[in-house]
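# Structural description and commentary
Given next are the chains, with one letter for each unit.
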Amino acid sequence: MAKIKILAEEVANRIAAGEVIERPASVVKELVENSLDAAADQITVIIEDGGKKLIQVIDNGCGMNQEDAVLSFERHATSKIRTVSDIFTISSLGFRGEALPSIASVSDLKLITRDRDSEIATQIEYSGGRLIKISPASANPGTTITVAKLFHNVPARKKFLKSTPVEYKHILNFLHYQSLLHPEVHFKFISNSQEKLNYPTVTDRQKRLLDIFGSDFLNLDLIVLKQSIGDIALSGYIGGLEQEMESVSDLHYLFINGRYIRDKIIYHSIKSAYEPFIRKLRIYQQGQTPPYILFLELTPGQVDYNVHPAKLEVRFHDPGQVHNFVKNTISNALLDYEDRKFVTLKQKISGNLEMTKPTELEKKIFTSKTDKRRFSDIRNELKNLYQPDIFRESSEENQKLAEHLQPQSREWYLKPEEEIINPWQLHQSYIFVQVADGLMIIDQHAAHERILYEKILHRIHGAPAPSQKLLFPIVLDLPPYISSLIQDQVAENLEIFHKIGFNIKTFSGNSLVIDEIPSELEDWNGGEVFIEILKNLQEEFEETEDFRDSLAKSVSCKAAIKAGKKMGRKEMLALINDLFACEVPYFCPHGRPLIIKMTMTEFEKRFKRI
């Protein structure tokens, strides 16, 4: 008896669905891309329970007649390609003809469609891959597809779905990508009967950027890119070097020929372009990439999309050419940017421009452009390494007490605690402490983050935290790209926010009113820190799905002292004491080590003594 058998169509469809349909956002992606291919300029997405209960996509595209509607549920039935050569010159978003049959095999699906030449619409219903009925219907030209009970017949797949907020976020992110790509399309998104975004048709992409990221987006330190050579072109925005721009640090958007793509080659080219500037100016923390929104255009024959089930990855015909083009374009833009800043600084110094306080970037550029260095510059650099006050005079009270001690103990007792431990900073980021058998190195930001994290958790489950009253209550307008997800969570958990020190009152629309903040928040920055906390919160919540823990991590990250902050010895000592009073003093809240110990044996090995 033959061991190899042809799979039943139902089984094959479910296997295909597992590759194409990973989560509710995958369904939204396939259906919205079909709407765009159908030349729709109005697309509405409606979901319930993060898309797990219901997904509906309504468009005003070209629609289908009954014959095409029936064929669209056959595997590999597509209007996008005809021959093998078409695969290498694809200009449409969909082309494999797998989306509808794959979705229909793992859900209850209803399609209503009508083309402009038909007087009657066609309605087709599937349940778990089985055709239920085909019937006439009444509808406007276009297509409406309703997907209910996703994965109800594939429990193994359903079990791996995340929480409703997480699945919602994936859908929201996808719609933001498409909204950026297609400003000519009116996108509307409704979740659990609440309108979450509504982006009317606009004439250019810049207006759509303002819709998505808020009116302050174009006031940020951004560099506009626009470069083309032959049949390859790059446009968009990259982060400048003037400010760290934490508020948009997670904006890493790459679009290739109208698709959102994750590509290692392009990512490497961006990092390579920034690397010399990061090393020279130290604007960004190492390991982080400045924000970018890039649109890369190539002729269809230069890129292959058929390498990933969800078309999120591509293969370039000439990856070296693409890498060099992107890297050189960004490098040249950064050089021009730096030169412009240097010219501005020279004009200030010469009196041709109104003299204002130099920015941090101007200070760094001026230093890096100056060949001659004065002794005072070197002395200022070295003074942080030199500690002339290692031994201090003891207080009068300590001297009196010490008189009753044995001579061996007296010398030790007369020293203050900070001199006994004698901590010192490296690059104002790491605390070094000599211990009995070597050296202990502490990451000051991670250590403070751990301390605050445990404090906040105790406050959430116990007495409220001490807070500081703001002189004037502040009204925060939450950016559109986070407000629709976070607003409900804030409203539902006001008591928890109050316990950690925030007094928040909900306001109209996407606005919040805050009149008290935790006492630990030193750098409030006009409320921008709270927006950063909310952004961190949605990222943390995706990982843990525990609101209290996510909030504690988010607030502690933003309230903790930063790398680059100079600390006095007493401050360092207090930090060390608080750290070792923690329940888990060796790891930050995210599980990264915050203490490194090097023994004398390790030092002796490095110096070839043993």
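Everything numeric in this text was worked out from a predicted model, so none of it was measured.

How each quantity is defined
- Residues numbered from 1 in each chain as written.
- Predicted model: local features only at pLDDT ≥ 70, side-chain atom pairs only at ≥ 80, totals over all residues.
- Heavy atoms only, no water.
- Salt bridge = Lys/Arg side-chain N within 4 Å of Asp/Glu carboxyl O.
- Helix = DSSP H or I, 4+ residues; strand = E, 2+ residues; numbered from the N terminus.
- Buried < 20%, exposed > 50% of the residue type's maximum accessible area, 1.4 Å probe, protein only.
- Arc of directions from axis to C-beta.
- Pairing = 2+ DSSP bridges.
- Axes fitted to C-alpha atoms, helices over the stretch in contact; angles between N-to-C directions.
- Contact = heavy atoms within 4.5 Å.
- Polar contact = N/O pair within 3.5 Å; in protein donor to acceptor, adjacent residues only side chain to side chain.
- Patch = residues over 30% accessible without salt bridge, like charges linked within 9 Å, V, L, I, M, F, W, Y side chains within 5 Å.
- Areas by Shrake-Rupley, 256 points an atom, 1.4 Å probe, with all protein chains shown as cover.
- pLDDT = per-residue confidence, 0-100.
- Phe/Tyr/Trp six-rings, centres within 6.5 Å; stacked < 30°, edge-to-face > 60°.
- Lys NZ or Arg CZ within 6 Å of the ring centre and 35° of its normal.

### Observations concerning the pattern of salt bridges
- Summed over all chains, the structure comprises 12 salt bridges.
- Among the ionic pairs, K29 bridges to E33, the shortest N-O distance being 3.1 Å. With K29 and E33 both in helix α2 (residues 24-37), this residue pair falls four residues apart, about one helical turn.
- A salt bridge links K149 to D108; the nearest nitrogen and oxygen atoms lie 3.2 Å apart. Of this pair, K149 sits in the loop between β6 (142-148) and α5 (155-158) while D108 sits in strand β3 (residues 108-114), and the two are 41 residues apart along the sequence.

### Here's the deal with helix α20 (residues 569-579)
- Buried residues of α20: R569, M572, L573, L575, I576 and L579, and no others. Projection of α20 onto a plane perpendicular to its axis shows the buried side chains occupying an angular sector of 160 degrees, all on one side.

### Re the sheet that holds strand β2 (residues 54-59)
- The sheet built from eight strands is open, its strands ordered β5-β4-β3-β6-β2-β1-β7-β8 with mixed pairing. Bordering the open sheet on either side are β5 (130-137) and β8 (194-199), each of which pairs with just one other strand. Taken over all neighbouring pairs, the strand axes of this sheet differ in orientation by 10 degrees on average, direction set aside.
- Against the sheet, α2 contacts β1 (42-48), β2, β6 and β7 (186-191), and its axis sits at roughly 10 degrees relative to β2.
- Against the sheet, helix α6 (residues 164-181) engages β1, β7 and β8, with an angle of about 170 degrees to β7.

### Thoughts on the environment of R23
- Structurally, R23 is set in the loop between α1 (9-20) and α2.
- R23 gets classed as buried once you look at its relative accessible area, which sits at 15%.
- Sequence separation of R23 and K52 is 29 residues, and the distance between their C-alpha atoms is 8.4 Å.
- Among residues more than four places away in sequence, those in contact with R23 are L150, F151, L161, K162, V166, E167 and H170.
- A polar contact is formed between the side chain of R23 and the side chain of E167, at a distance of 2.9 Å.

### A short note on the pairing of β3
- In terms of residue burial, β3 counts as a mostly covered element, since six of its seven residues are buried.
- Both β3 and strand β4 (residues 121-127) contribute to a ladder of six bridges, which runs antiparallel. Bridge assignment links K110 to a residue of β4, and that residue is E125.
- In terms of strand pairing, β3 meets β6 through seven bridges, oriented antiparallel. Each bridged residue has a counterpart across the sheet, and for R114 the counterpart in β6 is G142.

### With respect to a nonpolar patch on the surface
- Together, F580, V584, Y586 and F587 make up a nonpolar patch on the protein surface, roughly 370 Å² of accessible area in all.
- Inspection of the secondary structure assignment puts F580 in the loop between α20 and β22 (595-599).

### Focus: the confidence of the model for the chain
- Of the residues in the chain, 74% reach a pLDDT of 70 or more, and the chain-wide mean stands at 79.
- Predicted confidence for residues 81-88 stays below pLDDT 50, and this span has six contacts to residues more than four positions away or in other chains.

### Looking at the packing of aromatic side chains
- Summed over all chains, the structure comprises 14 aromatic pairs.
- Pairing W424 with F432 gives two aromatic rings, centres 5.0 Å apart and planes at 45 degrees, and the pair type is tilted.
- Note on F497 and F530: the rings are 6.0 Å apart at their centroids and 55 degrees apart in plane angle, and the pair reads as tilted. Taken together, the residues F497 in helix α17 (residues 494-499) and F530 in helix α18 (residues 528-544) connect sequence positions 33 residues apart.
- Counting every residue linked through ring pairs, the aromatic cluster contains Y177, F213, Y253, F255, Y260 and F295.
- Across from the ring centre of F295, 3.8 Å away, lies the NZ or CZ of R205, which sits over that ring.

### A closer look at the sheet that holds strand β13 (residues 292-298)
- Strand order in the open sheet formed by five strands is β9-β10-β13-β11-β12, with mixed pairing between adjacent strands. Each end of this open sheet is capped by a strand with a single partner; those strands are β9 (222-229) and β12 (259-260).
- As defined by bridge partners, β9 adjoins strand β10 (residues 232-239) across eight bridges and the pair is classed as antiparallel. From the neighbouring strand, K226 faces β10, where its bridge partner is S235.
- Where α6 meets the sheet, its contacts fall on β11 (252-256), β12 and β13, and the angle it forms with β11 comes to roughly 55 degrees.
- Against the sheet, helix α7 (residues 205-213) touches β10, β11 and β13, its axis set at about 145 degrees to β13.

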